[in-house]
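Now for the letters of each chain:
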Amino acid sequence: MAGGRRPRQGGEPGMRSPREVAVVGAGLVGCLAACYLARRGYEVTLYERRPDPRHAAAERGRSINLAISERGIDALRRVGLDEAVLKAALPMPGRMMHAPDGTLSFQPYSADGRRAINSISRAELNRTLLEAALGMPGVRAFFEHRLTGLDVDSGRMDFATPGGAVSRTAPVVLGADGAYSAVRARLQSLPGFDFSQDYLDYGYKELTIPARDGEFALDPGALHIWPRGQAMMIALPNPDRSFTCTLFWPKSGPGSFAELDTAERFAEFFAAHYADAHALMPDLADDYAHNPIGHLVTMRTDPWQVRGARAAVGLLGDAAHAIVPFYGQGANCGFEDCVELDRCLAETGDDFPEALARYGARRKEHADTIAELALANFVEMRDKVASRSFLLQKRVEHGLERLLPGRYVSRYELVSFSTVPYADVQRRIAR
């Protein structure tokens, strides 16, 4: 059980340069955090509830594609991992819109058409980061360790494992265990700890467009979007020449997951509204029947760190700030957390509680901003991208960027192709 003290936000003496840091969660952010910490000379232990992802198959239908852009690349570059990661990525310099009649229209992301976001397999990226972390001195990992208890005062962690219950203790515990974080769940019982979650009335389901005769069935140099008003589908390319598609549909009402509850109803509806994709998806019925419906949630937490009597606990990535995926910034934002925490450790001489306090204070407004931008971009992607007024707006934006290089930059370019902090992007666009 978590301790009952009111959260304190660091700055107290007596915990300088702890020898070990426990990172709960060996996903993308946890592994990158381990790389940064090991570089600073910490002994890092990763605890992961799942089996070792280097040997286990990816979870079916669970967001196996990511869009990595400049913020994430910058974080990887700082620890020398950018080239290894991008080697397995496919650049997408724009969106390809699919109209109901099959008409295609391409919208470049940048005025010069040269900047791109990068499609990469979540599982592949996780393996790359895990191997990089475990290749550094002082890093080890324990898999199939599910956190069941955390005492904030002592740093004691209780885990359920296939071999029975085990306990470990560390002076610093970092929760990088995702939107449904077990670390954060323990902190939520503490007085003064605020947490909220807001679900969209939409779900998502993943489908696949396989390679055709060994080649891509669609243009691999684009993020494909089928905007359909109150719903949409997207598709991202994979190195094996397939595409991972994601349906974003209402949970209830016309054209919803609830209404299309049989294979026959779904097939008829999909063929009518996504005809060009339907012709490319021989496994459509099986994917729809067996891939789960995922939830779309925004989670906000405050504070992101708690100081106990002899330990400090902090949150990274989705554990602190889960967002919906419509700006492609979830992983990028989590990677930026690692950069900021590393910066704060350098500034404080590795006083971990003070560094965690600074990190949380600096990052929260930016995480809140990208959460709002992601929600707004959902409306843009499903409703606006096919409209004439939106296309005119984009042409005007790109024209201004060419006329005023460096002085006028669109919101999308600042978010995706710069490291300007998210809240500063909004302030700059407002000006």
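Residues numbered from 1 in each chain as written. Predicted model: local features only at pLDDT ≥ 70, side-chain atom pairs only at ≥ 80, totals over all residues. Heavy atoms only, no water.

Novice: Could you give me a rundown of the overall build of the protein, with the residues and numbers involved?
Specialist: A count of helical and extended segments in the protein gives 14 helices and 19 strands. Here the protein, with 431 residues, has 54% of them falling under the buried criterion. Taking contacts inside the protein between residues at least 6 apart in sequence as the whole, the part at least 24 apart equals 72%. By element, 50% of the accessible surface of the protein is carried by carbon and sulfur atoms, the whole surface being about 18,200 Å². (Helix = DSSP H or I, 4+ residues; strand = E, 2+ residues; numbered from the N terminus. Buried < 20%, exposed > 50% of the residue type's maximum accessible area, 1.4 Å probe, protein only. Contact = heavy atoms within 4.5 Å. Areas by Shrake-Rupley, 256 points an atom, 1.4 Å probe, with all protein chains shown as cover.)

Novice: Please set out the pairing of strand E14 (residues 223–227) residue by residue, giving values where relevant.
Specialist: Counting buried residues in E14 gives five out of five residues, a clear majority hidden from the surface. Every second residue of E14 is oriented toward a common face, with Leu223, Ile225 and Pro227 on one face and His224 and Trp226 on the other, all of them buried. Summarising the sheet, strand E5 (residues 94–98) and E14 pair through three bridges and their orientation is parallel. Within E14, the residue paired with Met96 across the bridge is His224. (Pairing = 2+ DSSP bridges.)

Novice: Account for the environment of Gln197, naming residues and giving values.
Specialist: Topologically, Gln197 is positioned in strand E13 (residues 194–209). Linking Gln197 and His321, residues 124 residues apart in sequence, is a C-alpha distance of 9.7 Å. The residues contacting Gln197, other than those within four sequence positions of it, are Val297, Thr298 and Met299.

Novice: Got a sec to walk through the sheet that holds E13? Specific residues and values, please.
Specialist: The strand order across the open sheet built from seven strands is E6-E5-E14-E15-E16-E13-E17, with neighbouring strands paired in mixed fashion. The sheet is open, and its two edges are formed by strand E6 (104–108) and strand E17 (294–302), each paired on a single side. Adjacent strand axes in the sheet meet at a mean angle of 25 degrees, parallel and antiparallel pairs treated alike. (Axes fitted to C-alpha atoms, helices over the stretch in contact; angles between N-to-C directions.)

Novice: Now, about the packing of aromatic side chains: what can you tell me, with residues and values included?
Specialist: Here the structure, examined in full by the defined rule, presents 22 aromatic pairs. An angle of 15 degrees between the planes, with centres 4.1 Å apart, marks the rings of Phe326 and Phe378 as stacked. In this pair, Phe326 is assigned in the loop between helix H9 (318–321) and helix H10 (330–347) and Phe378 in helix H11 (residues 352–384), connecting sequence segments 52 residues apart. Classification of Phe326 by relative accessible area gives buried; the value is 4%. Just above the ring of Tyr412 sits the side chain of Arg95; from NZ or CZ to the centre is 5.9 Å. When the ring centre of Tyr274 is taken as reference, the NZ or CZ atom of Arg228 above it lies at 5.2 Å. (Phe/Tyr/Trp six-rings, centres within 6.5 Å; stacked < 30°, edge-to-face > 60°. Lys NZ or Arg CZ within 6 Å of the ring centre and 35° of its normal.)

Novice: Tell me what's going on with unusual backbone geometry, and back it up with residues and numbers.
Specialist: At the junction of Asp302 and Pro303, the peptide bond is cis and its omega measures out at 0 degrees in the coordinates. Of note in this structure, Arg241 is not a glycine but carries a positive phi near 75 degrees. Tracing the sequence through the fold places Arg241 in the loop between strand E15 (232–237) and strand E16 (243–250). In this structure Arg241 comes out as partly exposed when scored by relative accessible area, which is 35%. In the Ramachandran plot, Asp350 falls in the positive-phi region, its phi being about 65 degrees despite a non-glycine side chain. For Asp350, the position within the fold is in the loop between H10 and H11.

Novice: Give me the pattern of salt bridges: which residues, what numbers.
Specialist: Here the idea is simple: oppositely charged side chains can pair when their charged atoms come close. By the definition in use, this model includes 29 salt bridges. A salt bridge links Glu48 to Arg50, with the shortest nitrogen-to-oxygen separation between them at 2.8 Å. When salt bridges that share partners are traced, they join Glu340, Arg343, Glu347, Glu354, Arg358 and Arg362 into one network. (Salt bridge = Lys/Arg side-chain N within 4 Å of Asp/Glu carboxyl O.)

Novice: Would you mind going over the confidence of the model for the protein in detail, with residue names and values included?
Specialist: Summary statistics for the protein give a mean pLDDT of 90 and a share of 88% for residues scoring 70 or more. Segment residues 1–17 is flagged for pLDDT under 50; beyond a separation of four residues in sequence, or across chains, it makes 57 contacts in the model. (pLDDT = per-residue confidence, 0-100.)

Novice: If you had to explain the nonpolar core to someone new, which residues and values would you point to?
Specialist: By size, the foremost hydrophobic cluster in this structure holds 70 residues, and its most contacted members are Leu32, Leu37, Leu125, Met157, Leu174, Phe335 and Phe352. With ten residues, the single largest contributor to this core is helix H1 (residues 28–39). Not counting residues within four places of it along the chain, the set of residues in contact with Leu125 comprises Leu28, Leu66, Ile68, Val85, Ile120 and Phe335. Of all hydrophobic cores here, the second largest spans 32 residues; its members include Tyr204, Leu223, Tyr327 and Leu373. (Core = buried A, V, L, I, M, F, W, Y, C linked by side-chain atoms within 4.5 Å.)

Novice: Any details on the sheet that holds strand E18 (residues 305–307)? Residues and values, ideally.
Specialist: As summarised here, the arrangement of the six strands in space is E8-E2-E1-E12-E19-E18, forming an open sheet in which the pairing is mixed. Looking at the sheet topology across the chains shown, the edges are occupied by strand E8 (139–142) and E18. Pairwise comparison of adjacent strand axes, ignoring direction, gives a mean angle of 15 degrees for this sheet. Sheet analysis places strand E1 (residues 20–24) next to strand E12 (residues 172–175), joined by four bridges and oriented parallel. The partner of Val21 across the bridge, within E12, is Val172. Running over the sheet, H1 touches E1, strand E2 (43–47), E8 and E12 and is turned about 170 degrees from E2.

Novice: Describe the pairing of E6, naming the residues involved and giving the relevant values.
Specialist: Direction of pairing for E5 relative to E6: antiparallel, over a ladder of five bridges. By the bridge assignment for E6, His98 is matched with Leu104. Hairpin connection of E5 to E6: five residues between the antiparallel strands, including Gly102 at a positive phi of 90 degrees.

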